[in-house]
Amino acid sequence: MIAMPPPSISLNLQVRGMQPSATVAINERSNALLAAGRTVYKLGLGQSPFPVPASVVEALRTHAARKEYMPVRGHPPLRDAVAAFHQRRLQLPREVHGEDVLVGPGSKELMFLTQLAFYGDLVLPSPSWVSYSPQARILGRQVCYLPTDPRDRWLLRPQVLHDHCVRDRDRPRVLILNYPSNPTGQTFTDDELAELAAVARDHRMIVISDEIYGELHHTGQHRSIAVHYPEGTIISSGLSKWCGAGGWRLGTFLFPPELRWLLTAMTAVASETYTSTSAPIQCAAVTAFECGPEIEEYLVHARAILRAIGTWCCDALVQAGVACDRPQGGFYLFPDFTAHADRLRARGITGGELLCERLLAETGVAILPGSEFGRPPGDWTARLAYVDFAGKNALNGVARNPDITTMGVSTLRTFAGRIVAAIEQIVAWLDRAR
Ligand SMILES: Cc1ncc(COP(=O)(O)O)c(C=O)c1O
């Protein structure tokens, strides 16, 4: 009998050596520590702490028996609802329609399809979300990380984008901008978006505007680059963050008519791979994107809670000598521990990766190193997801007392005690070698 080659020899070389996504890995590691009886503060995986709004759960119940394959591009009433949602909330200058929408099993999958269907470089600010770059790597695309500056709150500046593009003007490129940002919690002003749009237009880049945290802008003032660059921007969103339904797996892309060719190509690939998104989930998502008064109230409360927790965590870290910007949206902070580097080195910790490992082992606090987000190895940044609290209790609490933003630490402790404890653990751990 002829022996089969070991599987490693037959692996696609783009996939060989790849590890599971860092966020998934930290979650599994945290769960293993919990199972071993350890106390773990799960600030690693960015999962919404809030329940799915009751009306959306009810809609899912109603449609649970739907079993047919849906159209590849998505359930037509959902595509209409998604278009109307974006039109209304982002005040888009052009009329958009259901036919401009593609629904998929998570926006992550849709991003992968874009990178597969489009041939060009992937341009990303450093830091950026963990999965964009590995997706490009799987497909053999080139990733160009553009530098940002902590003094600019890690936001991409137009001049940096321009300087990168002029080196090879005609090169096809796709730029992914994510704001409010995972990992930094920062976002752009409308003027900043207008400036970036001008550069993107000048270089005819496709922009994927990843606005999955847009509805979680802490003061509800999210703006989109699509207002300034409608012809070249794809707006990415979904149920995972603002609707608390990451595990439902539903993402949406809104294309301009100028990029219909890309939507068409992605639809062909979708038809040969996942076929369509779950029928009951799509039917329930119509209720979510129609966004009735109950969901509006849910969002107002969720934003207030995230703002209160994020601001407190940031201020506590800053007080401990860690550089950190107050978050503006979503549920992440991007602390920079450089000011502690000498003392940490004396403890054998040479950068963010070891910092995160030792912090988890010695305190049970799980966070991720900045190098997972495109920062250089050894960088002293980390991403902290302030989500380890019972979102349902917090929403109930805020409904009783809407004045949550003025609450002190003792009130925060009542509904986000684990987060407060985790930050106190980090501060005490840093303090150990003083
Ligand atoms: C910035 C960003 N974009 C996209 C996604 C993917 O979301 P989904 O595939 O659940 O729609 C995530 C999820 O963590 C994210 O943080």
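If you're wondering where the values come from, they're calculated on a predicted model, not measured in any experiment.

A.B. asks: What's the story with the overall build of the chain in this structure? I'm lost.
C.D. replies: Within the chain, the secondary structure is distributed over 15 helices and 12 strands. Here the C-alpha radius of gyration of the chain, 22 Å, is about what a compact globule of 434 residues would show, namely 22 Å. In terms of overall dimensions, the chain has a C-alpha envelope of 60 × 60 × 60 Å along the principal axes. Looking at the chain as a whole, 54% of its 434 residues qualify as buried. Residue pairs at least 24 apart in sequence account for 75% of intrachain contacts in the chain once pairs closer than 6 positions are excluded. Of the accessible surface of the chain, which amounts to about 18300 Å², a share of 53% is contributed by carbon and sulfur atoms. Considering the chain, the positive charge centre built from 43 side chains and the negative charge centre built from 42 side chains are found 5 Å apart.

A.B. asks: Any chance you could explain the nonpolar core here in plain terms?
C.D. replies: Generally speaking, nonpolar side chains in soluble globular proteins are found buried as a group. Counting 83 residues, the largest nonpolar core has Trp242, Phe289 and Ile309 as its most contacted members. Examining the composition of this core, we find that 13 residues originate from one element, helix α11 (residues 293–319), more than from any other. Leu110, Leu124, Val130 and Ile234 belong to the second largest nonpolar core, which has 30 residues in total.

A.B. asks: What should I look at first to understand the sheet that holds strand β9 (residues 332–333) in this one?
C.D. replies: Hydrogen bonds between backbone groups are what pair the strands of a sheet, and the pairing can be parallel or antiparallel. Sheet architecture is open: three strands sit in the order β9-β12-β11, paired in antiparallel fashion. Two strands in the sheet have a free side with no partner beyond their single neighbour: β9 and β11 (368–369). Direction of pairing for β9 relative to strand β12 (residues 382–385): antiparallel, over a ladder of two bridges. Paired with Leu333 across the strands is Leu384, a residue of β12.

A.B. asks: How should the site of the ligand be read in this particular structure?
C.D. replies: In the neighbourhood of the ligand, 13 residues make up the surrounding shell, with Ser107, Asp210, Tyr213, Ser240 and Arg249 lying closest. Between the ligand and Asp210, the relevant distance is 2.6 Å, taken from a nitrogen atom to a side-chain nitrogen or oxygen of the residue. Lys241 is positioned such that a nitrogen or oxygen atom in its side chain is 2.8 Å from an oxygen atom of the ligand. If the ligand stood free it would expose 400 Å²; the protein chains cover 92% of that surface. One can see that the ligand is located within the largest pocket. When its residues are assigned to classes, the shell around the ligand shows four nonpolar, five polar and four charged.

A.B. asks: For this particular structure, what's the right way to read the pattern of salt bridges?
C.D. replies: Oppositely charged side chains can pair when the atoms bearing their charge come close. Here the structure, examined in full by the defined rule, presents 22 salt bridges. Across the salt bridge formed by Arg89 and Glu215, the nearest N and O atoms sit 2.6 Å from each other. Here Glu215 lies in the loop between β6 (206–210) and β7 (233–238) and Arg89 lies in helix α4 (residues 76–90), a separation of 126 residues in the sequence. In this structure Glu215 comes out as buried when scored by relative accessible area, which is 11%.

What counts and what doesn't
- Residues numbered from 1 in each chain as written.
- Predicted model: local features only at pLDDT ≥ 70, side-chain atom pairs only at ≥ 80, totals over all residues.
- Heavy atoms only, no water.
- Helix = DSSP H or I, 4+ residues; strand = E, 2+ residues; numbered from the N terminus.
- Rg over C-alpha atoms; globule rule 2.2 N^0.38 Å.
- Buried < 20%, exposed > 50% of the residue type's maximum accessible area, 1.4 Å probe, protein only.
- Contact = heavy atoms within 4.5 Å.
- Areas by Shrake-Rupley, 256 points an atom, 1.4 Å probe, with all protein chains shown as cover.
- Lys, Arg positive; Asp, Glu negative; His and termini not counted.
- Charge placed at Lys NZ, Arg CZ, Asp CG, Glu CD.
- Core = buried A, V, L, I, M, F, W, Y, C linked by side-chain atoms within 4.5 Å.
- Pairing = 2+ DSSP bridges.
- Near = heavy atom within 4 Å.
- Polar contact = N/O pair within 3.5 Å; in protein donor to acceptor, adjacent residues only side chain to side chain.
- 1 Å grid on protein atoms, 1.4 Å probe; cavity = no way out; pocket = protein on both sides within 12 Å on 5 of 7 lines; lining within 4 Å.
- Sits in = over half its atoms within 2 Å of the grid points.
- Nonpolar A, V, L, I, M, F, W, Y, C, P; charged D, E, K, R; others polar.
- Salt bridge = Lys/Arg side-chain N within 4 Å of Asp/Glu carboxyl O.

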